[in-house]
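# Reading the structure
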Amino acid sequence: MKYIIYSVIIFAIISLFGCSSSDNGLHFEKWESDTIGHDFKLTISTDKQEYEFGDKVFITYRLVNTGIMADTIIKTFFNSNHLSRQMNCVYEKNDTLKWSGYDATYSKLDYVILKPGEEITAADNLNFNLGNVSLFFGGRYFKAGVYNLDCGYSFLSPSQFSKKYITSNRINFSVKKATDEDLNIFNQLKKFEKTVLPGPYKQETMQEYIDSARFYIRKYPQSIFVQPVFDVFAQNREWFHYKYDETLLEDIELLIENNPDSDYNKYYIHDCINLIIKKLGGKEKAKEYLLYLKEKFKNEKLNGIIDDVSAKDESLNK
């Protein structure tokens, strides 16, 4: 048995050091650089210090090689979910938030070499992984209060076969108390959410959900909580052949008019393209409609979203 164990160990060592530098994108010949010690500095920052209830909280992770020699860092640093999982986020004084994201697995471990002074960054929407109040329509949010957080980035040292750990600075951000109007809308949607049962749905059930969603986007067209409701049920309108080609564009224009700077508009533009190509005249008609939206709303951010979606939408460009 011991011979088998020795053979496995020898094979593992040969596998690590016997490969060329091009295998799997790994820089084997540079791995010895980390024996000088990891002179990395990790800093974190949020895009704002104070947020409205319902805002997305974006964080940036910045890793700098502060040493005098080149050093290596594993590419998991680029995975924001991996980083937010290492986050220590405390609400008020003693309520530590639990990470709620998903595990990202890797078939290989790629390393990046950073020269002195070089840096890499990653960004994340903290709501998705750490928000402490949820709404199915739109995901997770941070409730009012003060949050303190830091990040401990751990990774394996390739040449020393040991785990390294880097601790970031400690920062805080605050979330304002919800207005009575926002809280009222939020609670109405929570009540609606409880009526939405797991599928599969019958035609009549889905029609009721779609009608309810259309009711809320018309009643509160500017609400940050209502916008995702449309996105949740837009695809079902096509699948169930219900208020799809008749009213979808009308609903989209209502939401764009009231929220021209919203990030959700990229999803709405995709819906427009899909509908027009399938039902209302094809690719050229879709392109004409996008020009019409630009002319109607004359919004710089919206125009950028339209251009970006137009360039990437395969059905529009194939």
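A few points on the structure. Everything numeric here is computed off the predicted structure, so don't read it as measured data.

In this section: the packing of aromatic side chains. The tally for this structure, following the rule as stated, stands at 19 aromatic pairs. Judged by centre distance (6.2 Å) and plane angle (35°), the rings of phenylalanine 192 and phenylalanine 233 are tilted. In this pair, phenylalanine 192 sits in helix H4 (residues 180-195) while phenylalanine 233 sits in helix H6 (residues 227-239), placing the two residues 41 residues apart along the sequence. Grouping residues by exposure puts phenylalanine 192 and phenylalanine 233 together as buried. Ring geometry for phenylalanine 230 and tyrosine 268: centres 5.2 Å apart, planes at 85°, overall edge-to-face. Linking phenylalanine 230 in helix H6 with tyrosine 268 in helix H8 (residues 265-279), this pair joins segments that are 38 residues apart in sequence. Each member of the pair phenylalanine 230 and tyrosine 268 is classed as buried.

The subject of this paragraph is the pattern of salt bridges. As enumerated under the stated definition, the model contains 18 salt bridges in all. Lysine 285 is the salt-bridge partner of glutamate 288, the closest N and O atoms lying 4.0 Å from each other. Within this pair, glutamate 288 and its partner lysine 285 are both found in helix H9 (residues 283-297), separated by three residues, close to a single helical turn. Assessed through its relative accessible area of 43%, lysine 285 is described here as partly exposed. Put simply, aspartate 308 and lysine 312 hold a salt bridge, and the shortest N to O gap is 3.3 Å. Of this pair, aspartate 308 and lysine 312 are both found in helix H10 (residues 300-312), four residues apart, which corresponds to roughly one turn of the helix. What makes aspartate 308 partly exposed here is its relative accessible area of 41%.

With that out of the way, let us pick up the packing of H6 against H8. Packing of H6 against H8 brings their axes to within 11 Å, and their N-to-C directions diverge by 20°. One finds that H6 runs roughly parallel with respect to H8. The way H6 lies across H8 gives a crossing that is left-handed. Between H6, through Gln227, Phe230, Asp231, Ala234 and Glu238, and H8, the contact on the second element is made entirely by Tyr267, Tyr268, Asp271, Asn274 and Lys278.

Moving on to the environment of glycine 304. Tracing the backbone through its elements, the reader meets glycine 304 in helix H10. Each C-alpha atom, one on glycine 304 and one on lysine 266, is 9.7 Å from the other, the two residues being 38 residues apart in sequence.

Our next topic: unusual backbone geometry. Of all residues except glycine, most have a negative phi; of all peptide bonds, most are trans. Phi is positive for lysine 243, close to 50°, though the residue is something other than glycine. Looking at where lysine 243 falls in the secondary structure, it is placed in the loop between H6 and helix H7 (248-258).

Here the focus is the sheet that holds strand E3 (residues 58-65). With antiparallel pairing, three strands are arranged side by side in an open sheet as E1-E3-E8. With partners counted over all chains shown, the strands left at the sheet margins are strand E1 (40-46) and strand E8 (119-125), one partner each. Across the sheet, the mean angle from the axis of one strand to that of its neighbour is 15°, orientation sign disregarded. Note that E3 and E8 share seven bridges and pair antiparallel. Each residue of the ladder has a partner; that of phenylalanine 58, found in E8, is asparagine 125.

The residue aspartate 313 is located in the loop between H10 and helix H11 (314-317) in this model. At 3.2 Å, the side chain of aspartate 313 forms a polar contact with the backbone nitrogen of leucine 316. Apart from the residues lying within four places of it in its own chain, the contact partners of aspartate 313 are His270 and Ile273.

Next up on the list: H7. Within H7, the full set of buried residues consists of Leu248, Leu249, Asp251, Ile252, Glu253, Leu255 and Ile256. Lining the buried residues of H7 we find helix H5 (203-219), H6, H8, H9 and H10.

Calculation rules
- Residues numbered from 1 in each chain as written.
- Predicted model: local features only at pLDDT ≥ 70, side-chain atom pairs only at ≥ 80, totals over all residues.
- Heavy atoms only, no water.
- Phe/Tyr/Trp six-rings, centres within 6.5 Å; stacked < 30°, edge-to-face > 60°.
- Helix = DSSP H or I, 4+ residues; strand = E, 2+ residues; numbered from the N terminus.
- Buried < 20%, exposed > 50% of the residue type's maximum accessible area, 1.4 Å probe, protein only.
- Salt bridge = Lys/Arg side-chain N within 4 Å of Asp/Glu carboxyl O.
- Axes fitted to C-alpha atoms, helices over the stretch in contact; angles between N-to-C directions.
- Parallel < 35°, antiparallel > 145°, perpendicular 65-115°, else oblique.
- Left-handed = near helix turned anticlockwise from the far one by under 90°.
- Contact = heavy atoms within 4.5 Å.
- Pairing = 2+ DSSP bridges.
- Polar contact = N/O pair within 3.5 Å; in protein donor to acceptor, adjacent residues only side chain to side chain.

Note that all results are geometric; they support no functional claim without further evidence.
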